[in-house]
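Architecture at a glance
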Amino acid sequence: MKLLILGCGGFVGSHLLDRLLSRSDVEVEGWDPEVSKIAKHVGNPRFTFHQAPCIDGVELRRLEERLAWADALINLAAICNPAQYNTRPLDVIRTNLFDSYPIVEACARANKWLVYFSTSEVYGRTLSSYTQTEVDDPGLYELREDQTPLIMGPVSNQRWTYACAKQMMERIIYAHHATSGMPFTIIRPLNFFGPRMDYIPRSDGDGIPRVLACFMAALLRGDPIKLVDGGEARRTIVAIEEAVEAIVSMLDRPLKAQNRIFNIGNRNNEVTMRRLAEMMREIYAEITEDPAYSDHPIIDVSSETFYGPGYEDCDRRMPDLTHAHTLLDWHPRRNLREILLPTMRDYHARYANATHLDDTAR
Ligand code: UGA
């Protein structure tokens, strides 16, 4: 199998490379401006790496030439951090829509299989968040790839810039398939968790990362864990290693995976952000063997204070996984504790001393 991967150096890309390069029948050519998460693969004879974004000029021409060699192109490149959707809306739209557009065009011209990483955020908010009914009707909240309407808030709530750009890309890809037959697979990830997700602010990045790294940073630094708008939002969490198995299963089964959209998540691991914070402090007490972490402070903050004006949350994401079960034979099994324990151990091993040192130096 010969693959081109854009964004191969990020969280998902680095885990996907680990898995793909463990197989002797896979060759990968990848692009990413960042190398730190995949440094161990550079030099592997089955991996050609370009330390650059692939948005225009030389790299885009190179990519177009290499499409003839590849069986598929996987596009993981994106800004996917909610703290930036309402604070850097133009960058978010440029990266997720305009920079991705030439890639789809190139695949369409070459009639090459495009595996596109979209987002569960294309669903926006659930119908049940608007109907306010007490009735437990899965039709009002379950996310079904081919049926569920995509509902976003008003334009002034710029949180939806990302969801909107990704939704437009999905529609462009679908239109190319409908017009010229370009094969495609769209993946809608639902909160993949694992080692190397995002960064710890002031250690190896700046700004506000996603919730796992935010809560980890608070534990590592002794700051309070912050719950946005009461911590009532719910997410379903799936292990990155299991999510990668779903992707590999798609690549191994083109006839079943092509021309479809897949939710990839774990229905059994639904959790409110408040419960996630409580679980993480309990598990951190176990990892550090310091029972005081069980009472680590958790405080409430408004979304306006935390993210700035124009933030609006996805209330709930409960995926229908029928496509993934029946077409990919994919059944995620790891429960939340089995995901959090090794992930948090990894963060602790990598950052506990470093965060202490750089805090002392400040
Ligand atoms: C993000 C991306 O926008 C999605 O595209 C992506 O699919 C998803 O992450 C993912 O990881 O799969 P979201 O789940 O909203 O979506 O991102 P997080 O930043 O992880 O936020 C999750 C929840 O935690 C939100 O309700 C947020 O308000 C809350 N949060 C975050 C806190 O309560 N405290 C924090 O310190 C950080």
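Note that the structure is a prediction, hence the values are computed from the model and not measured.

Quick word on the UniProt feature "domain: NAD-dependent epimerase/dehydratase" (unreviewed entry) in the protein
What UniProt calls "domain: NAD-dependent epimerase/dehydratase" (unreviewed entry) maps, in this numbering, to residues 4-265. Counting secondary structure, residues 4-265 comes out at 38% helix and 17% strand; the distance between its end C-alpha atoms is 24 Å.

Considering the nonpolar core
Within the largest apolar cluster, 80 residues are counted, with the highest numbers of intra-cluster contacts made by Ile5, Ile264 and Leu340. Of all hydrophobic cores here, the second largest spans 25 residues; its members include Leu63, Leu97, Val104 and Ala106.

Comments concerning the site of the ligand
Taken together, 28 residues lie around the ligand, and Tyr85, Thr119, Glu121, Arg235 and Asp313 are the ones closest in. Take asparagine 191: an N or O atom from its main chain is 2.8 Å from an oxygen atom of the ligand. Residue aspartate 313 places a side-chain N or O atom 2.5 Å away from an oxygen atom belonging to the ligand. When the ligand is considered free in solution it has 710 Å² of accessible area, and contact with the protein chains removes 97% of it. Among the secondary structure elements, those contributing two or more residues to the shell around the ligand are α3 (82-85), α8 (211-221), β9 (225-228) and α12 (303-307). The residue makeup of the shell around the ligand, split by class, is 18 nonpolar, three polar and seven charged.

Let's talk about unusual backbone geometry
Notably, arginine 196 is not glycine yet its phi reads approximately 75°, a positive angle. Examined against the element boundaries, arginine 196 turns out to sit in the loop between β8 (192-193) and α8. For aspartate 198, which is not a glycine, the phi torsion comes out positive at approximately 55°.

About the cut-offs
- Residues numbered from 1 in each chain as written.
- Predicted model: local features only at pLDDT ≥ 70, side-chain atom pairs only at ≥ 80, totals over all residues.
- Heavy atoms only, no water.
- UniProt positions renumbered as here; feature names shortened; annotations may be inferred.
- Helix = DSSP H or I, 4+ residues; strand = E, 2+ residues; numbered from the N terminus.
- Core = buried A, V, L, I, M, F, W, Y, C linked by side-chain atoms within 4.5 Å.
- Buried < 20%, exposed > 50% of the residue type's maximum accessible area, 1.4 Å probe, protein only.
- Near = heavy atom within 4 Å.
- Polar contact = N/O pair within 3.5 Å; in protein donor to acceptor, adjacent residues only side chain to side chain.
- Areas by Shrake-Rupley, 256 points an atom, 1.4 Å probe, with all protein chains shown as cover.
- Nonpolar A, V, L, I, M, F, W, Y, C, P; charged D, E, K, R; others polar.

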